[in-house]
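Fold and geometry: a report
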Amino acid sequence: MKNKQFAVIGLGQFGEAIAKSLSKKGAEVMAVDVNQEKVDYISSYVSYAVTLNATDKKALTMQNIQDFDAIVIAIGEEFEQLLLCAVNLIELKAKRIIARAKGDANKLILEKLGIKEIFQPESEVAALVAERLIYPGIVSYLKLPDGFSVSEIKPPKSIHGRTIEDIRLRDKYSINLITIKRGFTELKDEEVKTESHLTGVPHSSTVIEEHDNMLVFGRDTDIEKFIEINS
Ligand code: ADP
């Protein structure tokens, strides 16, 4: 399969992190900023780094920006710059635009402009930290529409050592167990290492162990209730 090509515009903290993560995963990344120093710094981490002003449509065209599989606009502080860049990309018929919004007002304006993929790093991280503090049993989650999520949770105390049949996750708590993440001790390069692996599709006789992580699907409120009741 051909490597995906991504452009990241705005190399502040988030843009830089996104560009590096994409590169690490083997994607071809063009990193863009108006600030030469930021471009010089990122150049050793990405396939291509270029200094340009993203409000300059001609400059974007010269980089064939419309041919990239996706473009992330990670400009945070200067919303006007972000907006002008977004308008340019729309006019150039960019295939996929993912834009950062600092607050709800910015998000609304971007939506009105027709941008479908908007990320809000500040509020998304804030929500995750708050969730972790209130429900320490939730390791991570993928929020889905309508109040549902796929969550990775630590099994609450009262279910350790019990089978799925006995816990009755579906009937009692309206939660589906997708799989279990379990630590396995292996001998690797003459060293004893513990690595986590998925145990596949769970059966009714599968026993939940104390140090497992459970991957579950359900309503957020049902997952939280399940943890609370059994902790
Ligand atoms: P963060 O909160 O992620 O650090 P910032 O808003 O501080 O984000 O940084 C955004 C980056 O976007 C800066 O490096 C800035 O130079 C860059 N930037 C701002 N306007 C433009 C533009 N018109 N074209 C290209 N890069 C821009």
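All figures in this text were calculated on a predicted structure; none of them were measured in a lab. (Residues numbered from 1 in each chain as written. Predicted model: local features only at pLDDT ≥ 70, side-chain atom pairs only at ≥ 80, totals over all residues. Heavy atoms only, no water.)

Moving on to the site of the ligand. Neighbouring residues of the ligand: 19 residues in total, closest Q13, D33, E77, Q81 and R100. Within the backbone of Q13, a nitrogen or oxygen atom sits 2.8 Å from an oxygen atom of the ligand. Within the contact set of the ligand, a nitrogen atom lies 2.9 Å away from a backbone nitrogen or oxygen of A54. Its free accessible area being 580 Å², the ligand has 86% of it covered by the protein chains. A class-by-class count of the residues in the shell around the ligand yields six nonpolar, eight polar and five charged. (Near = heavy atom within 4 Å. Polar contact = N/O pair within 3.5 Å; in protein donor to acceptor, adjacent residues only side chain to side chain. Areas by Shrake-Rupley, 256 points an atom, 1.4 Å probe, with all protein chains shown as cover. Nonpolar A, V, L, I, M, F, W, Y, C, P; charged D, E, K, R; others polar.)

The full count for this structure, using the stated rule, is 13 salt bridges. As a salt-bridge pair, E77 and K102 come within 2.6 Å of each other at their nearest N and O atoms. With a gap of 25 residues between them, E77 in the loop between β4 (70–73) and α4 (79–91) and K102 in the loop between β5 (97–100) and α5 (104–112) connect regions that are remote in the sequence. Two residues, K181 and E152, come together in a salt bridge whose shortest N-O distance is 3.0 Å. Taken together, the residues span a long stretch of sequence, with K181 in strand β9 (residues 176–188) and E152 in strand β8 (residues 148–153) at a distance of 29 residues. On the basis of relative accessibility, which here comes to 12%, the residue E152 falls in the buried class. Within this structure, E77, R100, K102 and E122 form a network of salt bridges that share partners. (Salt bridge = Lys/Arg side-chain N within 4 Å of Asp/Glu carboxyl O. Helix = DSSP H or I, 4+ residues; strand = E, 2+ residues; numbered from the N terminus. Buried < 20%, exposed > 50% of the residue type's maximum accessible area, 1.4 Å probe, protein only.)

Looking at chain direction, β8 and strand β11 (residues 213–219) are connected through six bridges and run antiparallel. Residue pairing for β11: E152 is matched across the bridge by L215. In this sheet, β11 lies alongside β9 in antiparallel orientation, the contact comprising five bridges. Within β11, the residue paired with L177 across the bridge is V216. (Pairing = 2+ DSSP bridges.)

A cluster of nonpolar residues, V125, V129, L133 and I134, forms a patch on the protein surface that exposes about 410 Å² of accessible area. Along the chain, L133 turns up in helix α6 (residues 121–134). The class for L133 is exposed, based on a relative accessible area of 67%. (Patch = residues over 30% accessible without salt bridge, like charges linked within 9 Å, V, L, I, M, F, W, Y side chains within 5 Å.)

Ordered by their spatial adjacency, five strands build an open sheet running β7-β8-β11-β9-β10, and the pairing between neighbours is antiparallel. The open sheet has two free edges, formed respectively by β7 (138–143) and β10 (191–198), since each of these has just one partner strand. Here the strands of the sheet are splayed against their neighbours by 20° on average, with no regard to which way each runs. Summarising the sheet, β9 and β10 pair through eight bridges and their orientation is antiparallel. Each residue of the ladder has a partner; that of T185, found in β10, is T194. (Axes fitted to C-alpha atoms, helices over the stretch in contact; angles between N-to-C directions.)

Here the focus is unusual backbone geometry. Positive phi is not limited to glycine here, since D146 has a value of about 60°. Along the chain, D146 falls in the loop between β7 and β8. In this model, R168 sits at a positive phi of 55°, which is unusual for a non-glycine residue. Inspection of the secondary structure assignment puts R168 in the loop between α7 (164–167) and α8 (169–173).

These results come straight from atomic positions and should not be treated as a statement about function.
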